[in-house]
Amino acid sequence: MSTANKLNPILIIGGGTWGCSIALELARNGYRDVTVLDGEDVPSSIAAGNDLNKIMEEGSQSEDDTDVAYAWNRLHELCTTAWLNDPVYKPYYHRTGYAMAASSDAAYEALLKDISGHEDEYQRLASAAQFRNTMPKGVLTGDFIGWRGFAKPSGAGWVFARGAMLAAKQEAERLGVRFITGRDGLVTELLFSEESEHGDQRRIIKRGALRGVRSASGSIYRAHTTVLANGANADGLINFKRQLRPTAWTLAHIQMTPSEAELYKDLPVLFNIEKGFFMEPSAETHELKICDEHPGYINPIYHEDPSDNHLLKELGDDKFKGERVIVGSRPFARRQIPLESEERIRAFLQETMPHLAGRPFSFARICWDTDTVDRMPLIDWYTSDKSEGFVFVDQKGEKGADENVNGQRLLLAVGGSGHCFKTMPAMGQVVLEFLEGRIDAKTERAFRWRPEIAEGRDWWDVQGRWGAQGEVMDINKIRGWTNIGEDRRL
């Protein structure tokens, strides 16, 4: 399908990592009526991309793989090219290299599998001295007990995330894109065209193409095409049939002195896939960001009437009756982190930089991304067979499913799955290909709407991630939150 008339109005719901990238790419390619809607000033307070820095590893395309591998490799190649060459993105990519590590045998085996076939690009790290020598003297002072890993001196590094997002937004604005934020930009409802048909037996409400959206202020925005790219909030506007799981991660900052920031300049990323990671301090604020590594937190939404849950019907097992069943996860903003997360961050510092382990945190927050079941993006047109929840009402007032929904003017671009920021520059290009009807068949199949793989979803699936107790955590069951002073920045 192509909706590529460049004079047609386009709405982008979400001014986050992918929303800014999509807006920029459309403007660069001559689309003259593009509006981005977001409930917060860009970048959003819950966006994972609204951050000091993100890990980046370069990649290349493979044309002889499965659909999924091909699509991911192509996405990786597109984003690598942009981070290296695009004048908007290039200034924010720091090619410092990285050191990857693990502590347990199982996690180390996973690392070995990840680099299989590319061992010549890595240097083995097996002792505390070898880890300490990856950085200037005085940075890494820990004992690194049980650590094993590899250093990659080139082809990787980190990106100044918030800077790149704002640069993309500002360039898109220069090219004519409008950004509307606050209540005027907070989309609360999708508007489908409607017509009613009356018959002897029932009245059918037919919902046609998506024509626009309504915001929290009551403002209505009309468009020929709408792109839904609001990340962890997307599940609140349409039913994704369990394909999306908003998942939260945690971070904290330590305020460094100017001399410390100078010592820590141009460091490689250090990432233990079970403990955490850090990158060099911000050049602007001299704050050092540290993250504890874990499979994530979710904020579960439970079905109110388990006996009527479609999953229970599919399972056909009475033992689930009376039990609450998870049907989703709801994101929220918080400029604090769980106390357990603070303990994990300080334990990571004790193993790597014990001289910083007792320092106060200057800032902390949770951030959200959205996991698909297979951790691949979901980019597809939202069409009638994807709908759920619309109803017809017969003369007796009884309701039934209505499949007469045609959302062919709604393109979904969600499901960052932990790769959201790295793929930022590529996402705009891929969405443009979808809009213009020239996406390749392999990528289209890999990124398709795929609710069949989310049937009976395990909401606690770690999805290949390590750390903490090796499990996804319920954010409602934490011991408590940190009490770090309110900060003037995100």
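Note that residues are indexed from 1 along each chain, following the sequence as it is written. pLDDT decides what is reported in this predicted model: residues at 70 or higher carry local features, side-chain atom pairs at 80 or more are listed and counted, and totals for whole chains, interfaces and linings draw on all residues regardless. Side-chain metrics in this entry use all non-hydrogen atoms of the structure; hydrogen atoms and water are not considered.

Enquirer: A description of the overall build of the protein chain should follow, citing residues and the corresponding values.
Expert: Numbering of helices and strands starts at the N terminus; helices are DSSP runs of H or I of at least 4 residues and strands are runs of E of at least 2. Secondary structure assignment for the protein chain yields ten helices and 26 strands. Using a 1.4 Å probe on the protein chains alone, a residue whose accessible area is under 20% of its type maximum counts as buried, one over 50% counts as exposed, and one in between counts as partly exposed. Across the 490 residues in the protein chain, those meeting the buried criterion constitute 55%. Note on definitions: a residue-residue contact is assigned when non-hydrogen atoms from the two residues lie within 4.5 Å. Across the protein chain, the fraction of contacts at a sequence separation of at least 24, relative to all contacts at a separation of at least 6, is 80%. When the accessible area of the protein chain is evaluated, it comes to approximately 21,100 Å², of which 46% is carbon and sulfur surface. Computed with the Shrake-Rupley method and a 1.4 Å probe, the accessible areas treat only the protein chains shown as cover for residues.

Enquirer: Can you lay out the environment of Arg178 for me, pointing to particular residues and giving the numbers?
Expert: Residue placement: Arg178 occurs in strand β9 (residues 178-180). The class of Arg178 is partly exposed, set by a relative accessible area of 38%. Between the alpha carbons of Arg178 and Leu37 there is a distance of 8.6 Å; along the sequence they are 141 residues apart. Aside from chain neighbours lying at most four places away, what touches Arg178 is Asp33, Val34, Thr35 and Val36.

Enquirer: How would you explain helix α2 (residues 67-85) if you had to name every residue and give the values?
Expert: Expected helix span is computed as 1.5 Å times (number of residues minus one). Taking 1.5 Å of rise per residue, the 19 residues of α2 would be expected to cover 27 Å, and the 27 Å separating its terminal C-alpha atoms lies within 8% of that figure. Within the sequence span of α2, burial applies to Tyr70, Ala71, Trp72, Asn73, Arg74, Leu75, His76, Leu78, Cys79, Thr80, Ala82 and Trp83.

Enquirer: Report on the packing of α2 against helix α9 (residues 424-435), specifying residues and quantitative values.
Expert: The angle between two axes is taken between their N-to-C directions and runs from 0 to 180 degrees, where each axis is a line fitted to C-alpha atoms and a helix contributes only its stretch in contact. Two elements in contact, α2 and α9, have axes whose closest approach is 7 Å; the angle formed by their N-to-C orientations is 120°. Here α2 is positioned oblique relative to α9, judged by the angle of their axes. By crossing handedness, the relation of α2 to α9 is classed as right-handed. Across from Arg74, Leu75, Leu78, Cys79, Ala82 and Trp83 in α2, the residues of α9 making contact are Met424, Pro425, Ala426, Met427, Gln429, Val430 and Glu433. By definition in this entry, angles of less than 35 degrees are roughly parallel, angles greater than 145 are roughly antiparallel, angles of 65 to 115 are roughly perpendicular, and the rest are oblique. Should the near helix be turned counterclockwise from the far one by less than a right angle, the crossing is left-handed, whereas a clockwise turn marks it as right-handed.

Enquirer: So what's going on with the pairing of strand β1 (residues 10-13)? Which residues, and what values?
Expert: A two-sided burial pattern is seen for β1, the buried positions comprising Ile10 and Ile12 on one face and Leu11 and Ile13 on the other. For two strands to be treated as a pair, DSSP must find no fewer than two bridges joining them. When β1 meets strand β13 (residues 225-228), the two strands line up parallel, connected through four bridges. Along β13, the bridge assignment pairs Leu11 with Thr226. Inspection of the sheet shows β1 paired to strand β2 (residues 34-37) by four bridges, in the parallel sense. Across the sheet, the residue bridging to Ile12 is Val36, located in β2. Considered for its hand, the β-α-β crossover made up of β1, helix α1 (residues 17-28) and β2 is right-handed. The crossover handedness rule: strands pointing away from the viewer, path from first strand over the helix to second strand clockwise, crossover right-handed.

Enquirer: Just give me the short version of the nonpolar core, but keep the residues and values in it.
Expert: For this analysis, a nonpolar core means a set of buried residues of the types Ala, Val, Leu, Ile, Met, Phe, Trp, Tyr and Cys, connected via side-chain atoms within 4.5 Å. Ile12, Ile22, Leu26, Trp83, Val227 and Val431 are the most contacted members of the largest nonpolar core, which totals 53 residues. Elements that contribute at least two residues to this core include exactly β1, α1, β2, α2, α5 (161-174), β22 (378-381), β25 (410-414) and α9. Apart from residues no more than four positions distant in its own chain, Leu26 is found in contact with Ile10, Ile12, Tyr31, Val34, Leu432 and Leu435. Of all hydrophobic cores here, the second largest spans 30 residues; its members include Ala128, Leu140, Leu288 and Ala357.

Enquirer: Give a description of the side chain of Lys152 that names residues and reports values.
Expert: Looking at where Lys152 falls in the secondary structure, it is placed in strand β7 (residues 148-152). Look at Lys152 and you get buried, because its relative accessible area is 6%. Contacts described as polar in this section are N or O atom pairs within 3.5 Å, which, within protein, must combine one atom able to donate a hydrogen with one able to accept it, while residues neighboring in sequence count only if both atoms come from side chains. Reaching out from Lys152, the side chain makes a polar contact with the side chain of Glu121 at a distance of 3.4 Å.

Enquirer: Break down the sheet that holds β13 for me, citing the residues and quoting the values.
Expert: Ordered in space as β9-β2-β1-β13-β25-β22, the six strands form an open sheet in which the pairing is mixed. Of all the strands in the sheet, the pair left with one neighbour each is β9 and β22. Averaged over all pairs of adjacent strands, the angle between their axes in this sheet comes to 15°, without regard to strand direction. Two strands pair when backbone bridges link them, and β22 and β25 are joined in this way by four bridges, in the antiparallel orientation. Counted as the bridge partner of Trp381 is Leu411 from β25. Contacts from α1 reach β1, β2, β9, β13 and β25, with the element oriented near 160° to β1. In the packing of α9 onto the sheet, contacts are made with β13, β22 and β25, and the angle to β22 comes to roughly 20°.

Enquirer: Describe in detail the environment of Asp184, supporting the description with residues and values.
Expert: By the element assignment, Asp184 lies in the loop between β9 and β10 (187-198). In sequence terms Asp184 and Glu40 are 144 residues apart; their C-alpha atoms lie 9.8 Å from each other. When neighbours within four sequence positions are excluded, Asp184 is seen to be in contact with Leu37, Ser215, Ser217, Ser219 and Tyr221.

Enquirer: Explain the state of the cysteines residue by residue, including any values.
Expert: In a disulfide, the sulfur atoms of two cysteines are held together by a covalent bond. Throughout, disulfides are identified as pairs of cysteine sulfur atoms within 2.5 Å of each other. Scanning all chains against the criterion turns up zero disulfides. Between Cys291, a free cysteine, and Cys367, which holds the nearest cysteine sulfur, the sulfur-to-sulfur gap is 6.9 Å. With relative accessibility at 7%, the residue Cys291 sits in the buried group.

Enquirer: Mind laying out the packing of α1 against α9, listing which residues take part and the relevant values?
Expert: The N-to-C vectors of α1 and α9 enclose an angle of 60°; their axes lie 7 Å apart at closest approach. Our classification of the angle between α1 and α9 gives oblique. Here the hand of the crossing between α1 and α9 comes out right-handed. The residues of α9 that touch α1, namely those facing Thr17, Trp18, Cys20, Ser21, Ile22, Glu25 and Leu26, are Met424, Pro425, Met427, Gly428, Gln429, Val431, Leu432 and Leu435.

Enquirer: Hey, could you go over the pattern of salt bridges for me, with residue numbers and the actual values?
Expert: The working definition used for a salt bridge is a side-chain nitrogen of Lys or Arg within 4 Å of a carboxyl oxygen of Asp or Glu. A complete count under the given rule lists 20 salt bridges for this structure. Across the salt bridge formed by Arg214 and Glu189, the nearest N and O atoms sit 2.5 Å from each other. Residue Arg214 is found in strand β11 (residues 202-215), and its partner Glu189 is found in strand β10; the two are separated by 25 residues along the sequence. Residues participating in the shared-partner salt-bridge network are Arg74, Glu433 and Asp440.

Enquirer: Lay out unusual backbone geometry in plain terms, naming residues and giving numbers.
Expert: For Asp266, which is not a glycine, the phi torsion comes out positive at approximately 65°. Locating Asp266 in the fold gives a position in the loop between α6 (258-263) and β15 (269-272). Phi at Ser417 takes a positive value of approximately 55°, unusual for a residue other than glycine. By the secondary structure assignment, Ser417 is in the loop between β25 and α9.

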